[in-house]
Number of protein chains: 4
Amino acid sequence: MQQYQHIRQAAYEANMQLPALGLVIFTFGNVSAVDRQLGVFAIKPSGVPYAELSPDKMVIVDFDGKTVDGRLRPSSDTLTHAVLYKHWEHIGGIVHTHSTYATAWAQSQRDIPIYGTTHADHNTVDIPCASPMSDAMIAGDYEYQTGFQIMDTLRERGLTYEEIEMILVGNHAPFTWGKTAAKAVYNSAVLESVAQMAYLTESINSNAPRLKDALIKKHFERKHGPNSYYGQ
Amino acid sequence: MQQYQHIRQAAYEANMQLPALGLVIFTFGNVSAVDRQLGVFAIKPSGVPYAELSPDKMVIVDFDGKTVDGRLRPSSDTLTHAVLYKHWEHIGGIVHTHSTYATAWAQSQRDIPIYGTTHADHNTVDIPCASPMSDAMIAGDYEYQTGFQIMDTLRERGLTYEEIEMILVGNHAPFTWGKTAAKAVYNSAVLESVAQMAYLTESINSNAPRLKDALIKKHFERKHGPNSYYGQ
Amino acid sequence: MQQYQHIRQAAYEANMQLPALGLVIFTFGNVSAVDRQLGVFAIKPSGVPYAELSPDKMVIVDFDGKTVDGRLRPSSDTLTHAVLYKHWEHIGGIVHTHSTYATAWAQSQRDIPIYGTTHADHNTVDIPCASPMSDAMIAGDYEYQTGFQIMDTLRERGLTYEEIEMILVGNHAPFTWGKTAAKAVYNSAVLESVAQMAYLTESINSNAPRLKDALIKKHFERKHGPNSYYGQ
Amino acid sequence: MQQYQHIRQAAYEANMQLPALGLVIFTFGNVSAVDRQLGVFAIKPSGVPYAELSPDKMVIVDFDGKTVDGRLRPSSDTLTHAVLYKHWEHIGGIVHTHSTYATAWAQSQRDIPIYGTTHADHNTVDIPCASPMSDAMIAGDYEYQTGFQIMDTLRERGLTYEEIEMILVGNHAPFTWGKTAAKAVYNSAVLESVAQMAYLTESINSNAPRLKDALIKKHFERKHGPNSYYGQ
C-alpha cells in the first residue's frame, strides 16, 4: 500500500547497509523503521537473504506485533522491535545483528568498559550487557520478553533510551536504536568498532584504566551537548 | 554426460562460494553434491584453482570412490566424501575447508563450546572435535579412515548426522554437510563465524559460562522445531 | 577562491585515502594540507561522510584556527592542527584517525615498543603515547591543548617532530604528520600496521625483546640516512 | 632488452600478486624471477608502489648484485636475493614481504610450530626463525649477510632449501622461495595463513600439542612424496 512506501524504503536501505558494513552474513540481522502517526513499522522478512530484498518485501507490523501489510512473514525478532517502539516513543529505527565483536562481548556477559574517546563520542557510560533471561521468560513469549529485558536493564542502570542507543543482550547479541533507521545502523557499526577496540585494549594492557570523567564529558558534549561544535 | 549435469552444476556453484565467503585460499577446500538415485556425487578436481573451475571439470565418483566420469583426478579427500555419502543416506552435500578459525580450534584439539544464540540457532551441542587418528588408521587408507573417524566421533557423543551438520577433525580442519551442497557451504560459513566468536569470548572472559539450556532449546526450536517460526 | 585550490585538492585526495586504506569508518578522521606562504591550511569539514566530500568543501583555516574561506564548519579537531602548523614550521600535512589497532594502544596508555624492522624503517624509537591531559587542560580549550600535549610529550622524550612523525594521544587516538598531506596519510597506515604487529608479537611471545640498536640504526639509515639506498 | 622480457614479465606478475593477496601495503615487499642460463634475475625497483609497476620497470641484476639492465634502482633487498640465487641453484623465484602474522612471529623470535595438516601439506618441520644477526654482520654488507644468515640457519637445522621453502628472519620478516616466482608467492601466502592459524591455536589452547609424526608424513607425502595423489 502506498502509505507505507516511505518506511519500506527506509527499512530496505537500512537493511542493505548491514552486509555493506560487514555487520552480518547470510540473514543474521534485521532493521525496522517506524511511522509514529500510522502506528506501524516496516521490518525485514524472516530468513530472506539481503541480496533478495526489495522495499516491497518489507513487512508492515503494528506495535502489538500483528502483520498489517505484506505477503511475507516478518523477522522472528519482530516482537522485540514492537515492544520497544511501543514504550520508547522517540525512536525511529531499531537494529539487531550478530556482529562479531559485539556478540563476543554479549557471550562474555560483560559490559563494554569506556576506554577511550571513540566510545565517549557516542556514550558517557559503559555499554550495558543485559543478564540472560530467566527460564520462565524464555519459555514464555521469548522475543516479547527480550524487549522487556532490554528496558529493565536500562532502568536498573538508571539510563534512558535517549542517553544510550545500544545494548548487549547476554549470551545473545546486540540491539541498537536511534531517531531513524539509518542512525540505528550507524550505532551498530560504532558499537562493533568500540567492541573490537575494547577487546584489543584489554589484550594490550590488562590493567587499562577507564576513561577519566573530564574526557567523557568533553567528548560527549562536543558532539551532543547544548554547545556542541561537531558536524554541520 | 548429460545425466550428471545437475550435480556438476550444484557442485560447481557451491565450490565457487568458498572463496567468495572467505573460507579458502588457492585450492584449500572442496565441495561435493550427490545424486542418490544414480548413486554418484560430483566433486572438485584436485589442486585446480577456483578461478579455473567450470561445471564440466567436476568429477563424478561413486560411493566406493571410483571415478565414473570426468577427465580430471578428483579431490584427494574424495574417499572421505564417499564414505559419508554411503553411510549417511539423507545428506546431499559435503564441504571440507581449512577456514582460519575453525582450523585453529581443530589444531587446538578442543570442542567449540556453545557460548551463545548464534551457535544455538544451528546446533544444540558443542561442536565436536574428533581425536587425531591412530597411527594405524593414518598409515592405512587415510581419507577413507577419516570418514570413519568422523562417524565414530558422532557415535561416541550420542549424536546423529542430522542433529549436527559440522565437525572438526583434530589437528586437521572442519568438515560440514547438509541436505544440499549449498546448505553444507552455509554450514561452513556459520561454523567459521561461531569459531571466531567463541575464540573472542574466551579472550574477553576466560570464565565465560556455556549457554543455559533454556536458551539452547528456545533458539534451536524457533528455527528447527515442529513449531518453528523462522524463515518463510 | 582560486588561490586555495591546490591545498583543497591535496586535502581532498588525502582525506579520501583514509577509507580506502581502511583507517576510518563514517566520519572518524580528518586530514589537512598547509600552504606556508599563505599561512593557511585546508581541512575536512566536520561530520561530512567521505563519499560526500569534494575539493571545494574543504575549509580554509589560518594558524589561529579562524576560518578564512569555505561555507562549512571545519573539523572539530581543527585547533589541534592549527597549533601544530604554527609551531612545527616544516610539516605540510596532518592526519587524525581512530584506526583500530593504533587507537587500542592509545586506550592502553602504552608506547608501542620497537619490535622489528617494519617499525625501524620509519622510526628509531618507541612510538610515544602522550599521557591523558589534566582536567584543567580538558576543561579549557580542549583541541588547542591537545596540540600542546603532543608537543610537550615529544619534548619530554627528547624528540623532534622531524625525527618521529606519529604519536598516540592517551585514551584518544593517533595523530601523524609529514612533509605533505599524502606522507602524513602514509604514516597513519604505517602506524596502524606497526600497531597490529606489535600487539600480535606480544601475544605470541610475552617476553619479546626490543629490536637491537644495530638493526634500528641500519634500517632507519638505509631509508633515511645520508647514504640511504632505498627508493629512486 | 628483449632477452629479459620473460623474467621481467614473471617478476611483474608475481609482484602484483602481493597486494592482491593482502601480503603488502605500499612498497612493503619484493619478488624476483631468475634466468639460470643468462645468470641474471629480474626484481622490483626500490620504493615504487605496485600500482605504478610495469614489466619494463623490473631491474635486471646479476648474482653479484650488479645491475645489468634497467633504468631504476633495484630493491634495497637485492643482495639477499643475489646471494640465494648464487648458492641455491634450483630455485626460480624469491619473495620478501612484511606480511602481518609472519612478521609478528619473526618479531617474536620464535619458530612456527607445526600444529596441523595445513602446515604439513607444505612442510614437515617447524618453520625456522633465524636469530637476529650479529652487530658485525649488520654493520657490514647487511643485505648480503642476510642471505648468509638464512643459509646458515637452514644448515644448523639440517634442512635443505628444497625441503623447506620459507623462513623467518628474526626481528625482521619472512623470505620464501620456490621453483618459480609464482610458487614463491604461493608460499608467502601459505606462510601467512599458517602463521595466523598457529597464533590462534596457541591462544585457544596454550598446551596445544605439535602434530604427530604419522600425520606429518602422511600429509606431506600425499602432496609431495613419490606416490603423491594431490593435483593433476
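Residues numbered from 1 in each chain as written. Chains lettered and ligands numbered in written order. Predicted model: local features only at pLDDT ≥ 70, side-chain atom pairs only at ≥ 80, totals over all residues. Heavy atoms only, no water.

- The name given to chain A in an unreviewed UniProt entry is L-ribulose-5-phosphate 4-epimerase, and the organism recorded there is Chitinophaga polysaccharea.
- As recorded by UniProt, the Cofactor (unreviewed entry) comment attached to chain A reads in full: "Zn(2+)". (UniProt positions renumbered as here; feature names shortened; annotations may be inferred.)

**A word on the relation of the copies chain D and chain B**
Part 1: Expressed as a screw operation, the relation of chain D to chain B combines 0.0 Å of axial shift with a rotation of 90°, fitting to an RMSD of 0.0 Å. On this basis, the relationship between the two copies can be described by a four-fold rotation axis. When each C-alpha of chain D is compared by its distance to the rotation axis, S203 of chain D comes out closest, at 5.7 Å.
Part 2: Looking at chain D, a mere 3% of its interface residues are interface residues in chain B too, so the copies touch through different faces. (Least-squares fit on C-alpha atoms with pLDDT ≥ 70 in both. Contact = heavy atoms within 4.5 Å.)

**Things to note about the sheet that holds strand β2 (residues 40-43) of chain C**
All names here are of chain C.
Part 1: Ordered by their spatial adjacency, eight strands build an open sheet running β4-β3-β2-β1-β5-β8-β7-β6, and the pairing between neighbours is mixed. Two strands lie at the open edges of the sheet, namely β4 (67-69) and β6 (129-130), each paired on one side alone.
Part 2: In this fold helix α6 (residues 142-157) packs onto β6, β7 (166-169) and β8 (174-178), with an angle of close to 115° to the strand it touches most, β7.
Part 3: Where helix α7 (residues 181-204) meets the sheet, its contacts fall on β1 (29-35), β5 (93-97), β7 and β8, and the angle it forms with β8 comes to roughly 140°. (Pairing = 2+ DSSP bridges. Helix = DSSP H or I, 4+ residues; strand = E, 2+ residues; numbered from the N terminus. Axes fitted to C-alpha atoms, helices over the stretch in contact; angles between N-to-C directions.)

**Some points on the packing of aromatic side chains**
Each aromatic ring pair is characterised by the separation of its centres together with the angle its planes make.
Part 1: Applying the stated criterion across every chain yields a total of 36 aromatic pairs over all chains.
Part 2: Taking the centre distance of 5.9 Å and the plane angle of 40° together, the rings of Y101 of chain A and Y199 of chain A count as tilted. Taken as a pair, Y101 of chain A in helix α3 (residues 100-108) and Y199 of chain A in helix α7 (residues 181-204) lie far apart in primary sequence, 98 residues in all. Each member of the pair, Y101 of chain A together with Y199 of chain A, is buried.
Part 3: Summarising the aromatic geometry, the rings of F63 of chain D and Y85 of chain D are spaced 6.1 Å apart at their centres and angled 20° between planes, so their arrangement reads as stacked. With a gap of 22 residues between them, F63 of chain D in the loop between β3 (59-62) and β4 (67-69) and Y85 of chain D in helix α2 (residues 78-87) connect regions that are remote in the sequence. Just as F63 of chain D is buried, Y85 of chain D falls in that class too.
Part 4: Taken together, the ring pairs connect F26 and F28 of chain A together with Y186 of chain B into an aromatic cluster.
Part 5: If you follow K223 of chain C out to its NZ or CZ, it ends over the ring of Y230 of chain C, 4.4 Å from the centre. (Phe/Tyr/Trp six-rings, centres within 6.5 Å; stacked < 30°, edge-to-face > 60°. Buried < 20%, exposed > 50% of the residue type's maximum accessible area, 1.4 Å probe, protein only. Lys NZ or Arg CZ within 6 Å of the ring centre and 35° of its normal.)

**Topic: the interface of chain D and chain B**
Part 1: With 34 residues of chain D at the contact, the number on the chain B side is 35 residues.
Part 2: Buried area between chain D and chain B, both sides added, is near 3000 Å², and the carbon and sulfur share of it is 57%.
Part 3: There are three salt bridges connecting chain D and chain B.
Part 4: Residue E143 of chain B is joined to R222 of chain D by a salt bridge in which the shortest nitrogen-to-oxygen separation is 2.5 Å.
Part 5: Between the two partners, chain D and chain B, sit 20 residue pairs in polar contact (both at pLDDT 80 or more).
Part 6: Among the elements of the structure, α4 (117-120), α7 (181-204) and α8 (213-224) of chain D are those that each provide at least two residues to the side of chain D that touches chain B.
Part 7: Looking at the side of chain D that touches chain B, its residues break down into 17 nonpolar, 13 polar and four charged. (Buried area = accessible area lost by both parts, 1.4 Å probe. Salt bridge = Lys/Arg side-chain N within 4 Å of Asp/Glu carboxyl O. Polar contact = N/O pair within 3.5 Å; in protein donor to acceptor, adjacent residues only side chain to side chain. Nonpolar A, V, L, I, M, F, W, Y, C, P; charged D, E, K, R; others polar.)

**Section: the interface of chain A and chain C**
Part 1: Contacts between the two partners involve 34 residues from chain A and, on the opposite side, 35 residues from chain C.
Part 2: Carbon and sulfur atoms make up 56% of the area that chain A and chain C hide from each other, which totals about 3000 Å².
Part 3: Counting across the interface, chain A meets chain C through 21 residue pairs in polar contact (both at pLDDT 80 or more).
Part 4: Of all the elements in the fold, those that place two or more residues in the side of chain A that touches chain C are α4 (117-120), α7 and α8 (213-224) of chain A.
Part 5: The element contributing the most residues to the side of chain A that touches chain C is α7 of chain A, with twelve residues.

**Things to note about the relation of the copies chain A and chain C**
Part 1: When chain A is brought onto chain C, the operation consists of a screw motion whose angular component is 90° and whose axial shift is 0.0 Å, with 0.0 Å RMSD remaining.
Part 2: Counting the interface residues of chain A, we find that no more than 3% of their copies in chain C are interface residues as well, pointing to two distinct contact surfaces.

**Let's talk about the sheet that holds strand β1 (residues 29-35) of chain D**
Residue and element names in this part refer to chain D.
Part 1: Taken in spatial order, the eight strands line up as β4-β3-β2-β1-β5-β8-β7-β6 in an open sheet, and their pairing is mixed. Where the open sheet ends on each side, the last strands, each with one partner, are β4 and β6 (129-130).
Part 2: Relative to strand β2 (residues 40-43), β1 runs antiparallel, the two sharing four bridges. Paired with D35 across the strands is V40, a residue of β2.
Part 3: The sheet contacts of helix α1 (residues 5-20) involve β1, β2, β3, β4 and β5 (93-97), and relative to β1 the element is tilted by about 155°.
Part 4: The sheet strands contacting α7 are β1, β5, β7 (166-169) and β8 (174-178), and the helix crosses β8 at an angle near 140°.

**Some thoughts on the arrangement of the chains**
Part 1: The closest approach of any C-alpha atom in chain B to one in chain C is 11 Å; the two make no contact.
Part 2: There is a gap between chain A and chain D: no contact, and a shortest C-alpha distance of 11 Å.

**Details of the environment of A139 of chain A**
Residue and element names in this part refer to chain A.
Part 1: Tracing the sequence through the fold places A139 in helix α5 (residues 135-139).
Part 2: Judged by relative accessible area, which is 67%, A139 ranks as exposed.
Part 3: It is 27 Å that separates the C-alpha atoms of A139 and F26, two residues lying 113 residues apart in sequence.

**Things to note about α6 of chain C**
Residues and elements named next belong to chain C.
Part 1: Taking 1.5 Å per residue, 16 residues should reach 22 Å; α6 reaches 22 Å between its end C-alpha atoms and fits that length.
Part 2: The complete set of buried residues in α6 reads Y142, E143, T146, G147, Q149, I150, M151, T153 and L154.
Part 3: Immediately downstream of α6, the backbone of G158 shows phi near 70°, a positive value. (Expected span 1.5 Å × (residues − 1).)

**Observations regarding the pattern of salt bridges**
Part 1: Counting across every chain of the model gives 44 salt bridges over all chains.
Part 2: The partner of D64 of chain A in a salt bridge is K86 of chain A, and the shortest N-O contact between them spans 2.5 Å. With a gap of 22 residues between them, D64 of chain A in the loop between β3 (59-62) and β4 (67-69) and K86 of chain A in helix α2 (residues 78-87) connect regions that are remote in the sequence.
Part 3: Since its relative accessible area comes to 47%, K86 of chain A is described here as partly exposed.
Part 4: Taking the shortest distance from any N to any O, the salt bridge between E165 of chain B and K183 of chain B comes out at 2.8 Å. Taken together, the positions of E165 of chain B in the loop between α6 (142-157) and β7 (166-169) and K183 of chain B in helix α7 (residues 181-204) put the pair 18 residues apart, joining distant regions of the chain.

**Observations regarding the packing of helix α2 (residues 78-87) of chain C against α6 of chain C**
All names here are of chain C.
Part 1: Taken N-terminus to C-terminus, the directions of α2 and α6 make an angle of 45°; their axes are 7 Å apart at the nearest point. Comparing their axes, α6 and α2 come out oblique. You can see that α2 and α6 cross each other, and the crossing is right-handed. Contact residues: α2 offers L79, T80, V83, L84 and H87, while α6 offers E143, Y144, T146, G147, F148, I150 and M151.
Part 2: Residue composition of the contact of α2 with α6, grouped by class: seven nonpolar, four polar and one charged. (Parallel < 35°, antiparallel > 145°, perpendicular 65-115°, else oblique. Left-handed = near helix turned anticlockwise from the far one by under 90°.)

**As for the packing of α3 of chain A against α7 of chain B**
Part 1: Where α3 of chain A contacts α7 of chain B, the two axes come as close as 8 Å, and the packing angle between them is 55°. Between α3 of chain A and α7 of chain B, the crossing angle belongs to the class labelled oblique. For α3 of chain A against α7 of chain B, the interelement crossing comes out right-handed. Residues T100, Y101, T103, A104, W105, Q107 and S108 of chain A of α3 of chain A pack against Q196, M197, A198, L200, T201 and I204 of chain B of α7 of chain B.
Part 2: The residue inventory of the contact of α3 of chain A with α7 of chain B, partitioned by class, reads seven nonpolar, six polar and no charged.

**Observations concerning α1 of chain D**
Residue and element names in this part refer to chain D.
Part 1: Compared with the 22 Å implied by 1.5 Å per residue over 16 residues, the 23 Å span of α1 between its first and last C-alpha is a close match.
Part 2: When we look at burial in α1, the residues that qualify are I7, R8, A11, A14, N15 and L18. The buried residues of α1 occupy an angular sector of 140° when the element is viewed end-on, so they sit on one face.
Part 3: In this fold, the buried residues of α1 make contact with β1, β2, β3, β4, β5 and α7.
Part 4: At the exit of α1 stands G22, carrying a positive phi of roughly 75°. (Arc of directions from axis to C-beta.)

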